[in-house]
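The primary structure of each chain is shown beneath.
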Amino acid sequence: MKLLKQINKALAYVIIIFIKIYQFTLSPDKSIFFLYLRGRVCAHHPHCSQYSINVLKRYGFWPGIFYAFDRVLHCTPSMTINYDPDHYKIVFFSSAPIGVPFLQELAKDKRFEVVGVVTQCDKPQWRGMETCENIIKTEAKKIFPNQNENFINTPTKLNPEKSEEGKEFHKRLTSKEPDFLVVIAYGKIIPENILDIAKIAPINVHGSILPKYRWASPIQSVFLNREKSSGITIMKMDKGMDTGDMIDIKQTKLHFDRTCKDLIERMKSEWPAFLNDTVRKFGKKVLGHKKQDDDKATYCSKIEKESWLIDPYKDSLEEIYNKYRAFFLRPKIYFIHNGKRVIIEELQRNEASYNEEKHTPLLNIQHATPRTVKTLKVKPEGKKPMDRDSFKNGYLK
């Protein structure tokens, strides 16, 4: 393997030597013999010969030679000026665990260079209210251990027109000259004057198939409304909230027994590579963008604590099961029994009988037959998880 890498590198430098000879002698944009043609022939920036040198240095002979030929084949006299770098500079915005695999994928992909990370500032967490740094900040330190102090940014105010902190943040971000801003679950509204810093586009990864489920809780909302499919939308950001033009969509089916955990695991494992490919295709103008149909838009609000509370004596099995799937990860649904919280740890429904008894309450639990509810495990406050019969015999008699 080491020998192959050395051969790949050596072949790349041989080709680079020939390209430099071409630049010096024959290139209409580089040669000393064609000074009057400079800037009048090649519409790409950087020029094709320099682009070829850059990709061979960055990627090696393979796939560098492929990228070089692809560029030359697409350079035609009719082309207008086109910014087309050998790799794209990215500033990554995120504050949630879901952003970690996307940052990792961008970091290891040579087609991109992460030049900055923006996340939320350290905050008190858990029962002890100890100050903890954001998970994206922690991960960025691991992935990029040798970066300078301006690499990770945790601004509390972003708008340069409203604060000195915003002005300084805008200045730092501008100095990085990013091609793309990539945003996933950042948690703050990014002002338009920050979005405009991107040379090509600010990109957002949205956790639903737009225009459905704009705003704060798209992943939970698809389960609350029992959608049969979901996915992510890669979109071009604008000053609105999830109103930007769509670039591409990755769709997946939501099976009856799947929860938000399953959907998020798929996002982590499959969709970071999809984001990378989509961003590059958009940069290369292989993909365009199209406007959303605002007439089909739906909106989901921020999830409040009351959303996790159920009434097993009144709420239907359908409503409870939808909430169970939506809030499976955090903090799980619960009900109050004799003044104490009882968490639903596991709830498996029988899909075949779902439509027959979906309006039946979960409790009166004595009448929830195995045909209707295959598995039910609950955890009373201060106790270990127990099955349906143990809870019925120990608490409901």
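What you see is a predicted model; the values in this text were computed from it and never measured.

Quick notes on the rules
- Residues numbered from 1 in each chain as written.
- Predicted model: local features only at pLDDT ≥ 70, side-chain atom pairs only at ≥ 80, totals over all residues.
- Heavy atoms only, no water.
- Pairing = 2+ DSSP bridges.
- Helix = DSSP H or I, 4+ residues; strand = E, 2+ residues; numbered from the N terminus.
- Core = buried A, V, L, I, M, F, W, Y, C linked by side-chain atoms within 4.5 Å.
- Buried < 20%, exposed > 50% of the residue type's maximum accessible area, 1.4 Å probe, protein only.
- Contact = heavy atoms within 4.5 Å.
- Axes fitted to C-alpha atoms, helices over the stretch in contact; angles between N-to-C directions.
- Parallel < 35°, antiparallel > 145°, perpendicular 65-115°, else oblique.
- Left-handed = near helix turned anticlockwise from the far one by under 90°.
- Nonpolar A, V, L, I, M, F, W, Y, C, P; charged D, E, K, R; others polar.
- Lys, Arg positive; Asp, Glu negative; His and termini not counted.
- Salt bridge = Lys/Arg side-chain N within 4 Å of Asp/Glu carboxyl O.
- Polar contact = N/O pair within 3.5 Å; in protein donor to acceptor, adjacent residues only side chain to side chain.

J.: For the pairing of strand β15 (residues 340–349), give the residues involved together with the corresponding values.
T.: The sheet contact formed by strand β14 (residues 334–337) and β15 spans four bridges and is antiparallel. Paired with Tyr 334 across the bridge in β15 is Ile 343. Once β14 ends, the chain turns through two residues before running back antiparallel as β15, passing Asn 338 with a positive phi of about 55°. Bridge analysis of β15 against strand β16 (residues 373–380) gives seven bridges, and the strand direction is antiparallel. If you follow Ile 343 over to β16, its bridge partner there is Lys 379.

J.: Tell me about the nonpolar core, and name the residues and values.
T.: Residues Phe 180 and Ile 344 are the most contacted members of the largest nonpolar core, which totals 61 residues. The greatest single-element share of this core, amounting to nine residues, is contributed by helix α9 (residues 260–283). Each residue touching Phe 180, except ones within four places of it in the same chain, is listed here: Tyr 88, Lys 89, Ile 90, Val 91, Ala 198, Ile 200, Ala 201, Ile 203, Val 279, Phe 282 and Gly 283. Counting 16 residues, the second-largest nonpolar core is a separate cluster that includes Val 115, Tyr 186, Ile 190 and Leu 195.

J.: Lay out the packing of helix α4 (residues 99–108) against helix α5 (residues 135–143) with the relevant residues and their values.
T.: Where α4 contacts α5, the axes come no closer than 10 Å and their chain directions differ by 25°. Viewed along their axes, α4 and α5 adopt a mutual orientation that is roughly parallel. Relative to α5, the crossing made by α4 is right-handed. On α5, the residues touching Gly 99, Val 100, Leu 103, Gln 104 and Ala 107 of α4 are Ile 135, Ile 136, Glu 139, Ala 140 and Ile 143. Along the lines of polarity and charge, the residues of the contact of α4 with α5 split into seven nonpolar, two polar and one charged.

J.: Outline the side chain of Asp 315, supporting the account with residue identities and numerical values.
T.: Considering the arrangement of structural elements, one finds Asp 315 in the loop between β13 (299–300) and α10 (317–326). For the buried Asp 315, no salt bridge is present, and the opposite-charge side chain at shortest range is Lys 323, 5.2 Å distant. At 2.7 Å, the side chain of Asp 315 and the backbone nitrogen of Asp 311 are in polar contact.

J.: Just give me the short version of unusual backbone geometry, but keep the residues and values in it.
T.: A cis amide bond links Trp 62 to the next residue, Pro 63, at an omega of 5°. Mapped onto the elements of the fold, Pro 63 is located in helix α3 (residues 61–73). At Glu 177, a position not held by glycine, the phi torsion is positive, near 50°. As for its position among the elements, Glu 177 is in the loop between α6 (164–175) and β8 (180–183). Of the residues examined, Glu 177 reaches a relative accessible area of 43% and is grouped as partly exposed. The backbone phi angle of Tyr 213 is positive, close to 60°, even though this residue is not glycine. For Tyr 213, a relative accessible area of 8% gives the class buried.

Functional significance is not addressed by these values, which are geometric in nature.
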